[in-house]
Amino acid sequence: MDEFQTGEETAFVTDEVTNIVKEAIESTIGPNAYQHNKVNQWTSNVVEQCLNQLTKLGKPFKYIVTCVIMQKNGAGLHTASSCFWDNGTDGSCTVRWENKTMYCIVSVFGLAI
Amino acid sequence: MSTSVAKKEGGSLGRKQSLMPDAAARKQSMIPPDARRPSVLPPDARKSSIDPQHAPQGRRASIMMMDHPRRPSQDRKQSIVESTAGRSTLIVTPGHAHRTNVRYENTYKTEPDVKFRSAEVRDTIKDIFERELGTMKYDKERCISLTTTLSEKIKHSVKILGFPRYKIVVVVAIGEQETHPSIAFTSRCIWNQNTDNFSEYTFKNASLYAVGLVYAMYMD
């Protein structure tokens, strides 16, 4: 009975997830310049890699990962999220990354099973 | 005969003084004594009903929370239903009040009664966007607060639609409309394919676009 109640193992750890996301972005699009025909593939790769690493953590969570890649040409973008969940066990983290030609915003939501 | 709220050994100290001048002036019970419904317990079971371990056949076991071992019968004696002649008093002492916060375990209902209806939610997002954004021009200051209020409104509407045991995540993105599209939005989830779903709607007008996403994860 006790293993379900240990706080550290079943809460969403933001730092760990942030690192995973940063690594995924850097390895997929790190050195590249924005290319319209490759953007779809990049977003898919970033998301796939994030999910693979998250499942390797082995925690009892369902994950939602969203990725936005936007070219740097002066347009504005605002995102917001609102969640109906269990505050004690669930959590989210958002990573904003940029290089010279593009922005990348990745959000991870973790919902405890 | 007066009814005492708390039974104490000290006799008259703990006893609430009756306001009636004498017992004869007391209002008679509305129910005549011979019309009272007989007790559902078998007559020999009454005295032993305090002890949960030796519950008589007619009595169901008490439903206690599952995360602690059954307490010894000494604690149970503190909450007793006593029958005096015709009147009963329920005495509950705060024997359980000191317990620390209990975390309830899952009840594991693997299939939802009501599945998430993505088409209905899509229409809801569409209505909210058209009502709130309409022909609005993209304005940086306004859009910052608009995204948060829109996501709250969508979450509230989805809750009203009523999908019990579902956790809801709403994501709203508003951006400026450009002549050459230069944005890609991707999302992927690890979930239970049978029970979880999502819904998405994109709204566009002359100067801005808005993307609304609702994810629903079933909590079994």
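Our subject is the structure listed above.
These remarks concern the structure in this document. Owing to the predicted nature of the structure, the values given are computational and were not obtained by experimental measurement.

Details of the overall build of chain B
Link 1 in the chain: Helix and strand counts for chain B stand at 3 helices and 6 strands.
Link 2 in the chain: The secondary structure elements of chain B, listed N-terminal to C-terminal, are α-β-β-α-α-β-β-β-β.
Link 3 in the chain: Counting over 220 residues, chain B shows a buried share of 27%.
Link 4 in the chain: Contacts in chain B between residues far apart in sequence, at least 24 positions, make up 68% of those at least 6 positions apart.
Link 5 in the chain: Of the roughly 15500 Å² that chain B leaves accessible, carbon and sulfur atoms contribute 54%.

Quick look at the nonpolar core
What tends to happen in soluble globular proteins is that the nonpolar side chains get buried as a cluster.
Link 1 in the chain: Grouped together as the largest cluster of nonpolar side chains are 29 residues, with contacts concentrated most on I25, I69, V106 and V108 of chain A.
Link 2 in the chain: Residue assignment for this core shows that the elements contributing at least two residues are α2 (14–29), α3 (39–56), β1 (61–71), β3 (91–98) and β4 (102–112) of chain A.
Link 3 in the chain: The dominant element in this core, judged by the number of residues it contributes, is α3 of chain A, at 7 residues.
Link 4 in the chain: Once you skip the residues sitting within four places of it in the chain, I25 of chain A turns out to touch G30, V46, V95, W97, C104 and V106 of chain A.
Link 5 in the chain: In terms of nonpolar packing, the next biggest core, distinct from the first, is built from 26 residues, I128, F129, L133 and V170 of chain B among them.

Points about the interface of chain B and chain A
Link 1 in the chain: In this assembly, 46 residues from chain B lie in contact with 44 residues from chain A.
Link 2 in the chain: Taking both sides of the interface into account, the surface hidden between chain B and chain A amounts to around 3700 Å²; carbon and sulfur atoms contribute 56%.
Link 3 in the chain: On inspection of chain B and its partner chain A, the count reaches 3 salt bridges.
Link 4 in the chain: When the shortest N-O distance is used, the salt bridge between K62 of chain A and D196 of chain B registers 2.9 Å.
Link 5 in the chain: Broken down by secondary-structure element, the contributors of at least two residues to the side of chain B that touches chain A are α3 (140–161), β3 (166–176), β4 (183–190) and β6 (208–218) of chain B.
Link 6 in the chain: Top element by residues in the side of chain B that touches chain A is β3 of chain B. It accounts for 11 residues.
Link 7 in the chain: In terms of strand pairing, strand β2 (residues 77–84) of chain A meets β3 of chain B through 8 bridges, oriented antiparallel. Paired with L77 of chain A across the two strands is G175 of chain B, which belongs to β3 of chain B.

Examining the environment of T18 of chain A
Residue and element names in this part refer to chain A.
Link 1 in the chain: Position of T18 among the secondary structure elements: in helix α2.
Link 2 in the chain: Judged by its relative accessible area of 18%, T18 falls in the buried class.
Link 3 in the chain: Spatially, the C-alpha atoms of T18 and S92 are 9.8 Å apart, while their sequence positions differ by 74 residues.
Link 4 in the chain: Setting aside its immediate chain neighbours within four residues, T18 contacts C93 and V95.

Thoughts on the pairing of β3 of chain B
All names here are of chain B.
Link 1 in the chain: Counted residue by residue, β3 has 10 buried out of 11 residues, so it is predominantly covered.
Link 2 in the chain: With 11 bridges joining them, β3 and β6 adopt antiparallel strand pairing. Residue pairing in the sheet places K167 in a bridge with M217 of β6.

Some thoughts on the sheet that holds β4 of chain B
Note on sheets: strands pair through backbone hydrogen bonds, and any given pair is parallel or antiparallel.
Link 1 in the chain: On the basis of which strands lie adjacent, the open sheet formed by 4 strands has the order β3(A)-β4(A)-β1(A)-β4(B) and antiparallel pairing. With partners counted over all chains shown, the strands left at the sheet margins are β3 of chain A together with β4 of chain B, one partner each. With strand direction ignored, the average angle separating the axes of adjacent strands in the sheet is 10 degrees.
Link 2 in the chain: Two strands pair when backbone bridges link them, and β3 of chain A and β4 of chain A are joined in this way by 8 bridges, in the antiparallel orientation. Looking across to β4 of chain A, one finds that V95 of chain A is bridged to V106 of chain A.
Link 3 in the chain: Across the face of the sheet, α2 of chain A comes into contact with β1, β3 and β4 of chain A while running at roughly 35 degrees to β3 of chain A.

Criteria and thresholds
- Residues numbered from 1 in each chain as written.
- Chains lettered and ligands numbered in written order.
- Predicted model: local features only at pLDDT ≥ 70, side-chain atom pairs only at ≥ 80, totals over all residues.
- Heavy atoms only, no water.
- Helix = DSSP H or I, 4+ residues; strand = E, 2+ residues; numbered from the N terminus.
- Buried < 20%, exposed > 50% of the residue type's maximum accessible area, 1.4 Å probe, protein only.
- Contact = heavy atoms within 4.5 Å.
- Areas by Shrake-Rupley, 256 points an atom, 1.4 Å probe, with all protein chains shown as cover.
- Core = buried A, V, L, I, M, F, W, Y, C linked by side-chain atoms within 4.5 Å.
- Buried area = accessible area lost by both parts, 1.4 Å probe.
- Salt bridge = Lys/Arg side-chain N within 4 Å of Asp/Glu carboxyl O.
- Pairing = 2+ DSSP bridges.
- Axes fitted to C-alpha atoms, helices over the stretch in contact; angles between N-to-C directions.

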